[in-house]
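Overview (structure and organization)
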Amino acid sequence: MKHPLFKTDADSPLSSQEEKIIARDLAAAYQQSEQAERTPEFHRVANSIQKLLINPSVSTTLPA
Amino acid sequence: MNHRLPETPLSLLVRLRDEADAPGWQVSWKRFLELYYSPLLAMAAGIYRKHTGNATPPQQAIEDVVAAVVVDFFRKDRFDRNKGRLRAYLRMLTNARVVDLLRKEKPLNHESLDAESSAGLAASLPAESPEENEAFKQALFATLIEDLREQIPYRQFEIFELVKLKGVSPEQAASNLGVQRGVIDNTVYKVMLRLREIAARPEYQEEYYA
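These remarks concern the structure in this document. (Residues numbered from 1 in each chain as written. Chains lettered and ligands numbered in written order. Predicted model: local features only at pLDDT ≥ 70, side-chain atom pairs only at ≥ 80, totals over all residues. Heavy atoms only, no water.)

**Examining the overall build of chain A**
How we decide: Secondary structure elements are defined from DSSP: runs of H or I of at least 4 residues count as helices, runs of E of at least 2 residues count as strands, and each element is numbered from the N terminus. Only protein chains enter the accessibility calculation, which uses a 1.4 Å probe; a residue is then buried when its area is under 20% of its type maximum, exposed when over 50%, and partly exposed in between. Accessible surface is estimated by sampling points in the Shrake-Rupley manner with a 1.4 Å probe; for residues, cover comes only from the protein chains shown.
Across its full length, chain A carries two helices and zero strands. Taking all 64 residues of chain A together, the buried fraction comes to 42%. Here chain A has roughly 3800 Å² of accessible surface; of this, 54% comes from carbon and sulfur atoms.

Below, the structure is given as structure tokens:
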């Protein structure tokens, strides 16, 4: 089923139900994106990437 | 995020990666990670389960896979949007890293992989799990919001953010910002139209309905 936000006829009016669906999904995605960076897991991953990207000589092969 | 970030619409993700040597490159990969951390985790866990007969993936190992995939994305050969979708490309990178992990992992809860088995797994990409699909779609919405943020005046985004993303009532938003209620309604209406125009672009359509 086509999500109302991804209708290609962007000028067509939305029903109130469609507006609710869009608002719900946008808010959920926004909050998820905001919250992701606050977890310790996220920071562990970011630190690993930082080390790997800053030092190109470090192998990206996973540890045995 | 309380800092202003560079543009990160879907169509520019590749450019962000290609500018990895530019001064803003650290912001670029961090923003990419913020947007795609959840789908990458879901991809890594889902692919691990598929390859191991539903074994539980070790958290640390899955985090290592996600880190390696992001590094691969910013280092490997040019991703060509004309040849495939971002979602498929990220899944391919993730699959390769999960197979890498399985080859080296001590098989506590699944059979060990010999070279032939791992080559076969690397070549066969498991079907996408519902969790991966959901997480990727949510990341796509977040990317759309970023795209929008870069394309409209700050004040308009501020109003849209308050009402549509943070759930503040239009009356309260008008009061907070010291404007008339009609300004809020008009702005939200205009911004929604702009958002729908962006979402109607082929790159978003293809990724959402992949």
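We are not done yet, so read on.
**Concerning the overall build of chain B**
The criterion, for reference: Only heavy atoms enter the contact rule, under which two residues are in contact if any of them lie within 4.5 Å.
Per the secondary structure count, chain B includes 10 helices and zero strands. Per-residue burial over chain B gives 54% buried out of 210 residues. A fraction of 71% describes how many contacts in chain B between residues 6 or more apart in sequence connect residues 24 or more apart. If you sum the accessible surface of chain B, you get close to 9700 Å²; carbon and sulfur atoms cover 50% of it.

**Side note on the pattern of salt bridges**
Residues and elements named next belong to chain B. What counts, and what does not: A carboxyl oxygen of Asp or Glu within 4 Å of a side-chain nitrogen of Lys or Arg is what we treat as a salt bridge.
Taken as a whole, this structure holds 19 salt bridges over all chains when the rule is applied. Taking the shortest distance from any N to any O, the salt bridge between arginine 155 and glutamate 158 comes out at 3.1 Å. Of the two residues, arginine 155 and glutamate 158 both sit in helix α7 (residues 154-165), three residues apart, roughly one turn of that helix. By relative accessible area, which is 38% here, arginine 155 ends up partly exposed. Several salt bridges share partner residues, and in doing so they unite Asp72, Arg97, Asp100, Arg103 and Lys104 into one network.

**What to know about the packing of aromatic side chains**
Selection rule: Stacked, tilted and edge-to-face are the three classes assigned to paired rings of Phe, Tyr and Trp, where Trp is represented by its six-membered ring and a pair needs centres within 6.5 Å; plane angles under 30 degrees give stacked, over 60 edge-to-face, the rest tilted. Note on geometry: a ring has a charge over it if NZ (lysine) or CZ (arginine) is within 6 Å of the ring centre and within 35 degrees of the ring normal.
Inspection of the entire model under this criterion finds 13 aromatic pairs over all chains. When the centroid spacing of 4.2 Å and the interplanar angle of 15° are considered together, the rings of Phe6(A) and Tyr208(B) count as stacked. Of the two residues, Phe6(A) is situated in the segment before α1 (16-36) and Tyr208(B) in helix α10 (residues 202-208); the pairing between them involves two chains. Aromatic side chains Phe32(B) and Phe73(B) sit 4.6 Å apart centroid to centroid with 5° between the ring planes, which places their arrangement in the stacked category. Separated by 41 residues along the polypeptide, Phe32(B) in helix α2 (residues 25-51) and Phe73(B) in helix α3 (residues 59-75) bring together distant segments of the chain. Here Phe32(B) falls in the buried class, since its relative accessible area comes to 1%. By the ring-pair criterion, three or more aromatic residues cluster together here, those being Phe32(B), Tyr36(B), Phe73(B), Phe74(B), Tyr89(B) and Phe136(B). Over the aromatic face of Tyr208(B) sits the side chain of Lys137(B), whose NZ or CZ is 4.6 Å from the ring centroid.

**Quick notes on the environment of Leu144(B)**
Along the polypeptide, Leu144(B) turns up in helix α6 (residues 130-151). Other than its neighbours up to four places away in sequence, Leu144(B) contacts Leu5(A), Phe6(A), Leu195(B), Ile198(B), Ala199(B) and Tyr204(B).

**With respect to helix α8 (residues 170-177) of chain B**
All names here are of chain B. Spelled out, the test is: Picture the helix axis, draw a direction to every C-beta atom, and the arc is the one those directions span.
For α8, the complete set of buried residues consists of Ala173, Ala174 and Leu177. For α8, the angular spread of the buried residues around the axis is 100°, confining them to a single face. Once α8 finishes, glycine 178 follows within two positions and takes phi at roughly 70°, a positive value.

**Brief notes about the packing of α8(B) against helix α9 (residues 181-199) of chain B**
All names here are of chain B. Keep this limit in mind: To obtain an axis, a line is fitted to C-alpha atoms, over the contacting stretch when the element is a helix, and the angle between two such axes runs from 0 to 180 degrees between their N-to-C directions. Put simply, angles under 35 degrees are roughly parallel, angles over 145 are roughly antiparallel, angles from 65 to 115 are roughly perpendicular, and the rest are oblique. Left-handed describes a crossing in which the near helix is turned anticlockwise from the far one by less than a right angle; the clockwise case is right-handed. Polar here means any residue other than Ala, Val, Leu, Ile, Met, Phe, Trp, Tyr, Cys and Pro, which are nonpolar, and Asp, Glu, Lys and Arg, which are charged; Gly is therefore polar.
Between α8 and α9, whose axes approach to 8 Å, the crossing angle comes to 115°. Overall, the two elements α8 and α9 adopt an arrangement that is roughly perpendicular. The hand of the α8/α9 crossing is right-handed. Where α8 abuts α9, its residues Pro170, Glu171, Ala173, Ala174 and Leu177 lie against Arg181, Ile184 and Asp185. Along the lines of polarity and charge, the residues of the contact of α8 with α9 split into five nonpolar, no polar and three charged.

**Quick look at the interface of chain B and chain A**
The line we're drawing: Throughout this description, a polar contact denotes any pair of N or O atoms lying within 3.5 Å of each other; where both atoms belong to protein, one of them has to be capable of donating a hydrogen while the other can accept it, and for residues adjacent in sequence the pair is counted only when both atoms sit in side chains.
Contact residues are listed per partner, giving 49 residues for chain B and 45 residues for chain A. For the salt bridge of Arg44(A) with Glu63(B), the shortest nitrogen-to-oxygen distance reads 2.7 Å. Along the contact surface separating chain B from chain A lie nine residue pairs in polar contact (both at pLDDT 80 or more). Of all the secondary structure elements, the ones that give two or more residues to the side of chain B that touches chain A are α2, α3, α4 (86-104), α6, α7, α9 and α10 of chain B. Ranked by residues supplied to the side of chain B that touches chain A, first place goes to α3(B) with 13 residues.

**So, the nonpolar core**
As a reminder, the rule being used: Here, the term nonpolar core denotes a set of buried Ala, Val, Leu, Ile, Met, Phe, Trp, Tyr and Cys residues that are joined through side-chain atoms within 4.5 Å.
Membership of the largest hydrophobic core comes to 71 residues, with the highest contact counts inside it found for Leu5(A), Leu26(A), Ile49(A), Leu33(B), Tyr36(B), Leu40(B) and Leu90(B). By residue number, the principal contributor to this core is α2(B), which donates 11 residues.

**Here's the deal with empty space enclosed by the protein**
Rule in force here: Buriedness for pockets is judged along seven lines, at least five of which must meet protein on both sides within 12 Å for an open set on the 1 Å grid over protein atoms alone, while cavities are sets there where a 1.4 Å probe fits but cannot get out, and lining residues have an atom within 4 Å of a point. Grid points are joined across faces, edges and corners, and a volume is the space filled by probe spheres set on the points.
Scanning the entire structure with this criterion turns up two cavities of 30 Å³ or more. Considering only enclosed or pocket space, the largest cavity measures out at about 60 Å³ in volume. Forming the walls of the largest cavity are Ala29(A), Gln32(A), Ser33(A), Ala36(A), Glu34(B), Leu35(B), Ser38(B), Pro39(B), Ala135(B), Gln138(B), Ala139(B) and Ala142(B). Elements with a contribution of two residues or more to the lining of the largest cavity: α1 of chain A together with α2 and α6 of chain B. For the lining of the largest cavity, the per-class residue count stands at seven nonpolar, four polar and one charged. Its boundaries defined by the atoms lining it, the second largest cavity holds a volume of some 50 Å³. If you list the elements that add at least two residues to the lining of the second largest cavity, you get α1 of chain A together with α6 of chain B. Its residues assigned to classes, the lining of the second largest cavity comprises five nonpolar, one polar and four charged.

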